[in-house]
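Topology and contacts: notes
Here is what each chain is made of, one letter per residue.
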Amino acid sequence: MVTDGAPAVGGRRRSAGGGHARARAPPAPAPPAPAAPPLASLAAPAPGTEQLAREMHAVKRLVEQMLRQQRQRQGPAAFQGGDMPDKLFDQYLNLLKQEVTEELAEEVVQQVRATLRPEQIEQESVVRHAVLDAVARLIPTDDTAGKLVRSPDGRPRIIALIGPTGVGKTTTVAKLAANFKLKQRQSVGLITLDTYRIAAVDQLRTYAGIIGVPLHVAASAAELGEALRRCAADGCDVVLMDTAGRSQRDDPRLEQLAGYVRTANPHEVHLVLSSTCTQAVLLEAVERFAKVRTDRIIFTKLDEAVSFGVLLNVVRKVNKRLSFVTTGQEVPHHIEPGRPDRLAALMLGERI
Ligand SMILES: Nc1nc2c(ncn2[C@@H]2O[C@H](COP(=O)(O)OP(=O)(O)O)[C@@H](O)[C@H]2O)c(=O)[nH]1
Ligand SMILES: [Mg+2]
């Protein structure tokens, strides 16, 4: 299938420590070359799995200890007022492991420290809940997502999805159409502007057929205007607009997309982003698509996300509300409104 060209994230994207380079010593006379190890030692049996696990655990504790000491020396805000309690420190590390920025992780920890009494801060479940609440409060979400909202201006409620190629726009349009129609009994119209590939139109046509909603194909601003008039004349409550994925570097096509969005003047423009992308790629997409217009963010492919902290960093940075998240390929099930508590739980290691 098409992908958005972003490298799948593998492993940590930033180092946990901030190792300082040592001052270079004046060159010393070269020591005699060490004797080659005897062949027998190279052929020594590999340590057993249990021993490896014990060693890994020891290394992990050591890294945590070093990180803690380093933080205390540097004296960031979260550590002021003394040593960070163990239970809170564990959650702090969890957030860092999910690649939440240190700044946000410290903000969370400070809030929790300020709200819990000393005896509460020793209790793992109390601390975890407090951290969950604090993280959830950092996520701006859209209360109207997935709810029945009447258009305020007599037009159908027009919702456009924009974003890079392969992130899941068409699939998400189909999920939304099915939910509006089947759950909310709304009359739905679909418009696709993705006419560059026949397969793209066919993909949405197939979904439209299964869900039982009309699909209009528009290849120009004039055709888009006409399609919107027909949706209004048909008495649609909601019109969902699918758009062609734009390469983030393709300025003329982004300009064309911006023109379509101005023509349609949607009530909501949702920028669709894949949670399999790195933070840098996500932020670049946000910047490019800001030329078009973005009101809300949809994160797709949470089932394939490597770290959820990045999503928090991005919504905070962009300061747009999170409307939906999608959690798999299945239409119409794998979509949910972007609930802050759910995302916070994922950030603390809960499974999808
Ligand atoms: N794992 C996963 N795959 C998804 C999700 N949403 C969409 N996809 C897949 O991503 C691929 C591209 O989706 P598509 O809707 O065509 O993307 P578009 O180019 O943005 O319209 C397809 O294989 C979809 O099945 C999701 O939430 N999770
Ligand atoms: Mg598409």
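One structure accompanies this document, and this report is about it. (Residues numbered from 1 in each chain as written. Chains lettered and ligands numbered in written order. Predicted model: local features only at pLDDT ≥ 70, side-chain atom pairs only at ≥ 80, totals over all residues. Heavy atoms only, no water.)

For the rest of this paragraph, the subject is helix 4 (residues 102-115). End to end, helix 4 covers 20 Å across 14 residues, agreeing with the expected 20 Å (1.5 Å per residue, within 8%). Along helix 4, the positions that sit buried rather than exposed are Leu104, Ala105, Glu106, Val108, Val109 and Val112. (Helix = DSSP H or I, 4+ residues; strand = E, 2+ residues; numbered from the N terminus. Expected span 1.5 Å × (residues − 1). Buried < 20%, exposed > 50% of the residue type's maximum accessible area, 1.4 Å probe, protein only.)

What follows concerns the side chain of Thr243. Tracing the chain through its elements places Thr243 in the loop between strand 4 (238-242) and helix 9 (251-264). Owing to a relative accessible area of 1%, Thr243 belongs among the buried residues under this scheme. At 2.6 Å, the side chain of Thr243 and the backbone oxygen of Leu161 are in polar contact. Residues contacting Thr243, with those up to four places away along its chain left out, are Leu161, Ile162, Lys169, Leu193, Asp194 and Leu257. (Polar contact = N/O pair within 3.5 Å; in protein donor to acceptor, adjacent residues only side chain to side chain. Contact = heavy atoms within 4.5 Å.)

Here eight strands make up an open sheet; going across it, the order is 3-2-4-1-5-6-7-8 and the pairing mixed. If you trace the sheet from one side to the other, it starts and ends with strand 3 (215-217) and strand 8 (335-337), each paired once. Each neighbouring strand pair of the sheet contributes to a mean axis angle of 25°, computed without reference to strand direction. Bridging between strand 6 (residues 296-300) and strand 7 (residues 321-326) involves four bridges; their strand directions are parallel. Within strand 7, the residue paired with Phe299 across the bridge is Val325. (Pairing = 2+ DSSP bridges. Axes fitted to C-alpha atoms, helices over the stretch in contact; angles between N-to-C directions.)

Right, let's talk about the site of ligand 1 for a bit. With respect to spatial proximity, 18 residues lie near ligand 1, and among them Gly166, Lys169, Thr171, Asp303 and Thr326 are the closest. Here Glu304 contributes a side-chain N or O atom positioned 3.1 Å from a nitrogen atom of ligand 1. Its free accessible area being 580 Å², ligand 1 has 92% of it covered by the protein chains. Examining the composition of the shell around ligand 1, we find that four residues originate from one element, helix 6 (residues 169-183), more than from any other. Its residues assigned to classes, the shell around ligand 1 shows three nonpolar, 10 polar and five charged. (Near = heavy atom within 4 Å. Areas by Shrake-Rupley, 256 points an atom, 1.4 Å probe, with all protein chains shown as cover. Nonpolar A, V, L, I, M, F, W, Y, C, P; charged D, E, K, R; others polar.)

Attention shifts here to the pairing of strand 4. Taken across its five residues, strand 4 has five buried, putting it largely inside the fold. Judged by which residues are buried, strand 4 turns out to be covered on both faces: Val238, Leu240 and Asp242 on one side and Val239 and Met241 on the other are all buried. Where strand 1 (residues 157-162) lies against strand 4, five bridges are found, and the strand directions are parallel. What sits directly across from Leu161, in strand 4, is Asp242. Bridge count between strand 2 (residues 188-192) and strand 4: five bridges; the pairing is parallel. Opposite Gly189, over in strand 4, you have Val239 as the bridge partner.

This next bit is on the environment of Asp153. Note on placement: Asp153 falls in the loop between helix 5 (124-137) and strand 1. Relative accessible area serves as the criterion here: at 41%, Asp153 is assigned to the partly exposed category. Counting along the chain gives 114 residues from Asp153 to His267, while the straight-line C-alpha distance between them is 9.6 Å. Within the structure, the side chain of Asp153 is placed 3.1 Å from the backbone nitrogen of Arg155, a separation counted as a polar contact. Polar contacts involving the side chain of Asp153 include one to the side chain of His267, which spans 2.9 Å.

Inspection of the secondary structure puts Ala219 in the loop between strand 3 and helix 8 (221-233). Distance from Ala219 to Asp194, taken between C-alpha atoms, is 7.8 Å for residues 25 residues apart in sequence. Leaving out residues up to four positions away in the same chain, Ala219 has contacts with Thr195 and Tyr260.

Attention shifts here to the packing of aromatic side chains. Tallied over the full model, the rule gives one aromatic pair. Directly above the ring of Tyr196 sits Arg253, whose terminal nitrogen or CZ lies 4.0 Å from the centroid. (Phe/Tyr/Trp six-rings, centres within 6.5 Å; stacked < 30°, edge-to-face > 60°. Lys NZ or Arg CZ within 6 Å of the ring centre and 35° of its normal.)

This is a description of form; function is not addressed.
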